[in-house]
Amino acid sequence: QVQLVESGGGLVQPGGSLRLSCAASGSISSNNRMGWYRQAPGKQRELVATISRGGTTYYADSVKGRFTVSRDNAKNTVYLQMNSLRAEDTAVYYCNLEDRYRFGRYLDTYWGQGTQVTVFS
């Protein structure tokens, strides 16, 4: 069973920074992709950023230039450095792990419990 444990959320003023961490444990293959999604009140969950095991990254347009996703493969941990935070970044942030890449897609998807990020003035 794969578990994802997140940390690092909190309260911050506009323009501030936060760093989220997510540690994965359990039976994880060597071919996986990790990332972050977020869900604001009344809105659908949306992709924020992903990173493959080889380091290929993808960012939503809304966070490009402000957020940086990285990972430590030895620790099965993914990070999200969030700078220049805005009120619209307020959401519950969820860690995501996609595992076992076969036939052009990942067969398994796992989610963390979510961590609240609130940007307020």
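Preceding block: the structure.
**Student:** Please clarify how the sheet that holds strand E3 (residues 18-25) should be interpreted in this entry.
**Tutor:** If you trace the 4 strands from one edge of the open sheet to the other, you get E1-E3-E8-E7, paired in antiparallel fashion. If you trace the sheet from one side to the other, it starts and ends with strand E1 (3-7) and strand E7 (67-72), each paired once. Neighbour-to-neighbour, the strand axes of this sheet turn through a mean angle of 15 degrees, independent of strand direction. For E3 and strand E8 (residues 77-82), the ladder comprises 6 bridges, and the chain directions are antiparallel.

**Student:** I keep staring at the nonpolar core and nothing clicks. Help me out?
**Tutor:** Across soluble globular proteins, nonpolar side chains have a tendency to be buried as a group. Among the nonpolar cores identified, the biggest contains 28 residues, and Trp-36, Leu-80, Met-82 and Tyr-93 are the most heavily contacted of them. Mapped by element, the contributors of at least two residues to this core are E3, strand E4 (32-39), strand E5 (46-52), E7, E8, strand E9 (91-102) and strand E11 (115-119). Discounting chain neighbours no more than four positions away, the residues touching Tyr-93 are Glu-6, Leu-20, Trp-36, Tyr-37, Arg-38, Val-48, Phe-67, Leu-80, Met-82, Gly-114, Thr-115 and Val-117.

**Student:** Honestly, the pairing of E8 in this entry has me stumped. Any pointers?
**Tutor:** With respect to burial, E8 is a largely interior element, 5 of its 6 residues being buried. Pairing of E7 with E8, which is carried by 6 bridges, proceeds in the antiparallel orientation. Bridge pairing in E8 links Val-69 to Leu-80. Between E7 and E8, which pair antiparallel and follow one another directly, the connecting turn spans 4 residues, one of which, Asn-76, has a positive phi of 50 degrees.

**Student:** What exactly am I supposed to notice about the packing of aromatic side chains here?
**Tutor:** For any pair of aromatic rings, the description rests on two quantities: the centre-to-centre distance and the angle between the ring planes. Inspection of every chain in the model, using the stated rule, returns 2 aromatic pairs. Plain terms: the ring middles of Tyr-37 and Trp-111 are 5.0 Å apart, the flat faces sit at 70 degrees to each other, and that makes the pair edge-to-face. Here Tyr-37, found in strand E4, pairs with Trp-111, found in strand E10 (residues 105-111); they are 74 residues apart in sequence, far enough to count as distant. The buried category is assigned to Tyr-37, whose relative accessible area is 19%. Their ring planes at 65 degrees and their centres at 4.9 Å tell us that Tyr-101 and Tyr-106 sit as a pair that is edge-to-face. Its relative accessible area of 36% is what places Tyr-101 among the partly exposed residues. We note Arg-19 situated over the ring of Tyr-79; from NZ or CZ to the ring centre the distance is 4.1 Å. Over the ring of Tyr-94 we find Arg-45; its NZ or CZ atom is 3.7 Å from the centre of that ring.

**Student:** What am I meant to see in the pattern of salt bridges here?
**Tutor:** Opposite charge on two side chains lets them pair, provided their charged atoms get close. Throughout the structure, instances matching the rule amount to 6 salt bridges. When the shortest N-O distance is used, the salt bridge between Arg-33 and Glu-98 registers 2.7 Å. In this pair, Arg-33 sits in strand E4 while Glu-98 sits in strand E9, placing the two residues 65 residues apart along the sequence. Judged by relative accessible area, which is 29%, Arg-33 ranks as partly exposed. Since its relative accessible area comes to 14%, Glu-98 is described here as buried. As a salt-bridge pair, Arg-66 and Asp-89 come within 2.7 Å of each other at their nearest N and O atoms. Taken together, the positions of Arg-66 in the loop between strand E6 (57-59) and E7 and Asp-89 in the loop between E8 and E9 put the pair 23 residues apart, joining distant regions of the chain. Across the pair, exposure class does not vary: Arg-66 and Asp-89 are buried alike. Among the ionic contacts, a cluster of salt bridges with common partners joins Arg-38, Glu-46, Arg-66 and Asp-89.

About the thresholds
- Residues numbered from 1 in each chain as written.
- Predicted model: local features only at pLDDT ≥ 70, side-chain atom pairs only at ≥ 80, totals over all residues.
- Heavy atoms only, no water.
- Pairing = 2+ DSSP bridges.
- Helix = DSSP H or I, 4+ residues; strand = E, 2+ residues; numbered from the N terminus.
- Axes fitted to C-alpha atoms, helices over the stretch in contact; angles between N-to-C directions.
- Core = buried A, V, L, I, M, F, W, Y, C linked by side-chain atoms within 4.5 Å.
- Buried < 20%, exposed > 50% of the residue type's maximum accessible area, 1.4 Å probe, protein only.
- Contact = heavy atoms within 4.5 Å.
- Phe/Tyr/Trp six-rings, centres within 6.5 Å; stacked < 30°, edge-to-face > 60°.
- Lys NZ or Arg CZ within 6 Å of the ring centre and 35° of its normal.
- Salt bridge = Lys/Arg side-chain N within 4 Å of Asp/Glu carboxyl O.

Purely spatial values, then, with no claim about function.
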